[in-house]
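One-letter residues, chain by chain:
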Amino acid sequence: MRVWVVRAGRRGEREAEALGQGLAIAGWQGVPDLSLCAGRGDVRRLVQRAYPDENNYTLRNWSGQLFRFWHEIAADDLMVLPRTNGQYAIGRVVGGYEYRPDAEDGMRHIRRVAWTTTDLSRDTFRPDLLQSLGSLLTVFELRRFDAARRIAEVWQGGSDPGRPDGDEPGAAFEGRRQLIDQARAHESGSGGPAKLTVRKLLELWGAERRSSTSVASIRRDLEEAGLLCVPPFTEGTLDSVVTILVAGAEPAEDGSSQITRIARSAPAHADTLTEASPGDDGVDSAEISGVVQRVLRDSRSVGTGDMLVAAPSVEHEGALGDGANESGADDDFASIAYLVGNLPSARVRPESVPVTATLKSAVTIMMLKQFSQLPVLDDHGRLLGVVSWLSIGQALLVGADARLADAVAPAPEVAASEHLLDCLPHIEKHGYVLVRDDAHRVCGIVTPSDVAVEFRSRVSPFVLIEEVEQRLRRIVDERVPLDQIRACIAETNKKAAAKAEDASTLTLGKYPYLFGGSEAWEAAGLPVDQHHFTQALKRCARLRNDLMHFSPDPVGEDDIAFLNGLLDLLRKLDGQL
């Protein structure tokens with residue numbers, strides 16, 4: 001079950017008829033019956049005929065909305081209608097697409113809806129759902145924030161249960177303005193720190209993974225708003241917690257910035273800490289001090305303080321979400337990198353022992369927990385080295401009364417901010433490396449096994465999608481006539497279509513439209529539902545496009561499960577040839 005919103009016009013001109021007759025009405029005067037269309041391309045042509053003077057962007061947007069209204073909305077889906085009085089109506093779709101030729105123009109494209117309630121107040125929904133309901137599109141799907149489950153609860157007479165990750169740091173932030181206001185409140189002393197997960201930060205910018213484009217947009221917007229993210233959100237995992245601080249406000253009464261005041265509050269020897277050292281306001285001053293020092297060091301060496309990420313200039317929402325900003329000049333030539341800190345194990349503090357512990361206690365811990373090595377810290381919490389089975393054996397050979405200090409060996413260590421590929425030789429040579437954060441605290445440990453697991457998760461989607469494409473190509477070559485293949489290609493590239501000799505010229509994104517046409521679908525004769533099959537191919541094409549933009553974040557488990565399911569289906573269909 002999916003949840004859709006179909007608005008009743010700019011001024012609610014379709015609202016009375018929609019609620020009075022049990023309908024969802026799409027609008028778009030002059031567009032004829034969509035049931036005659038074979039796919040999205042046909043819808044686009046009808047819209048273009050009705051609006052010949054419109055630009056390509058608008059035509060693509062409008063045809064996409066009408067395509068969803070005609071082809072994607074299904075019986076038993078839920079429908080939400082925002083009303084002009086500020087209330088909301090919710091109902092269930094009970095019929096397929098219909099065209100009413102005798103109705104007033106602009107009232108002809110309809111879906112039958114059994115409206116259950118028509119007077120829900122705004123207070124019925126949590127702020128995150130209200131934000132989604134505020135989209136300016138006429139026809140759109142509510143997909144974010146677990147909307148389908150939550151709207152279903154309201155439709156059945158319950159209340160909005162909220163999103164399942166409501167306890168996640170920063171979950172209460174519903175927009176960038178709220179995040180920035182919280183950071184400013186913290187700087188002025190009137191509020192707590194603006195803490196949130198990397199995942200939530202990306203969500204506020206409409207992204208799911210840290211691609212070069214999304215990260216560059218966030219970095220530029222934060223900089224233009226005078227904000228600093230600590231630690232940098234390009235490091236760590238999606239679940240890592242970061243703090244947004246005010247860096248560009250004018251000096252306080254003592255002549256210092258918030259960043260300097262927090263950094264000054266760090267202990268004089270930050271590298272002696274092995275545990276986080278948040279101040280009274282919950283901000284880790286040692287971490288901030290280390291990050292500031294690193295940024296300043298990088299800016300001295302290359303002439304810019306933004307060394308963590310950048311990408312080619314792109315249009316993006318402004319820092320406060322009000323429009324596009326000009327891109328910065330210095331960071332356009334840097335690139336997003338895969339850092340040691342992006343590995344989950346690099347952010348899990350390993351168990352350690354103080355040098356004052358006994359050798360017997362270290363051996364017992366290693367045996368109980370099946371460790372190969374154990375970090376050893378001095379009286380101030382600084383890393384002295386590690387004890388391993390080899391170093392323990394060597395110490396006992398020298399003397400049966402050996403102490404823990406006698407078994408300590410040098411420890412290979414790297415910074416979380418270092419490039420992972422540069423550290424692979426050290427990991428391979430030593431079998432592990434300890435990871436330190438910007439406050440010089442041990443924050444994790446990385447082994448070859450951690451690297452292997454991570455890279456396997458990166459490679460798997462590529463392998464799955466490659467086989468999906470090969471299976472599709474073989475099915476099309478065996479079942480679909482060449483003239484239909486060429487016709488599909490010709491919609492965007494007539495020269496390539498004329499030269500096409502088989503399905504190898506089709507891109508992955510073309511297959512949904514090929515199979516969406518009635519002639520190709522009938523020729524293929526696949527014993528599956530056309531709508532669900534083409535929707536699955538579209539999702540696969542979107543995943544492939546996402547993968548082509550490098551990101552340190554893995555593809556989600558639900559996407560991997562989807563690819564495995566699609567591939568399993570294609571293997572069975574391919575076996576029928």
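Residues numbered from 1 in each chain as written. Predicted model: local features only at pLDDT ≥ 70, side-chain atom pairs only at ≥ 80, totals over all residues. Heavy atoms only, no water.

**Remarks on the side chain of Gln535**
Relative to the helices and strands, Gln535 is located in helix H19 (residues 530–547). The exposure class assigned to Gln535 is buried, which follows from its relative accessible area of 18%. Excluding residues within four positions of it along the chain, Gln535 makes contact with His71 and Glu72. (Helix = DSSP H or I, 4+ residues; strand = E, 2+ residues; numbered from the N terminus. Buried < 20%, exposed > 50% of the residue type's maximum accessible area, 1.4 Å probe, protein only. Contact = heavy atoms within 4.5 Å.)

**Regarding the side chain of Arg150**
As for its position among the elements, Arg150 is in helix H5 (residues 147–155). Accessibility expressed as a relative area gives 0% for Arg150, which makes it buried. A distance of 2.7 Å separates the side chain of Arg150 from the side chain of Asp160, its partner in a polar contact. (Polar contact = N/O pair within 3.5 Å; in protein donor to acceptor, adjacent residues only side chain to side chain.)

**Some points on the pairing of strand S3 (residues 78–82)**
The buried count for S3 comes to five of five residues, which makes it a mostly enclosed element. With burial as the criterion, each face of S3 is covered, one bearing Leu78, Val80 and Pro82 and the other bearing Met79 and Leu81. Note: strand S1 (residues 3–6) against S3, three bridges, orientation parallel. What sits directly across from Val3, in S3, is Leu78. (Pairing = 2+ DSSP bridges.)

**With respect to the packing of helix H11 (residues 359–369) against helix H12 (residues 389–398)**
Contact geometry for H11 and H12: axes closest at 12 Å, N-to-C directions at 150 degrees. When the axes of H11 and H12 are compared, the pair comes out roughly antiparallel. The handedness of the crossing between H11 and H12 comes out as left-handed. Contacts between H11 and H12 involve Leu359, Val363, Met366 and Met367 from the former and Trp389, Ile392 and Leu396 from the latter. Partitioned by chemical class, the residues of the contact of H11 with H12 number seven nonpolar, no polar and no charged. (Axes fitted to C-alpha atoms, helices over the stretch in contact; angles between N-to-C directions. Parallel < 35°, antiparallel > 145°, perpendicular 65-115°, else oblique. Left-handed = near helix turned anticlockwise from the far one by under 90°. Nonpolar A, V, L, I, M, F, W, Y, C, P; charged D, E, K, R; others polar.)

**Things to note about unusual backbone geometry**
Trans peptide bonds make up the majority, and among non-glycine residues the majority have a negative phi. With an omega of -10 degrees, the peptide bond between Val230 and Pro231 qualifies as cis. Locating Pro231 in the fold gives a position in the loop between strand S8 (227–230) and strand S9 (241–246).

**Thoughts on H11**
Residues of H11 that are buried include every one of Leu359, Ala362 and Met366, and no others. With its buried residues spanning 65 degrees around the axis, H11 presents them on a single face. Turned more than 90 degrees off the buried face of H11, the exposed positions are Lys360, Met367 and Leu368. Tucked into the core, H11 has its buried residues touching strand S11 (373–377), strand S12 (383–388) and H12. (Arc of directions from axis to C-beta.)

**Quick look at the packing of helix H13 (residues 420–430) against helix H14 (residues 448–479)**
Between H13 and H14, the least distance of the axes is 10 Å, while the angle of their chain directions is 140 degrees. Accordingly, the angle class assigned to the pair H13 and H14 is oblique. Classified by chirality, the crossing of H14 by H13 is left-handed. Contacts between H13 and H14 involve Leu420, Leu421, Leu424 and Ile427 on the former and, on the latter, Pro448, Val451 and Phe455.

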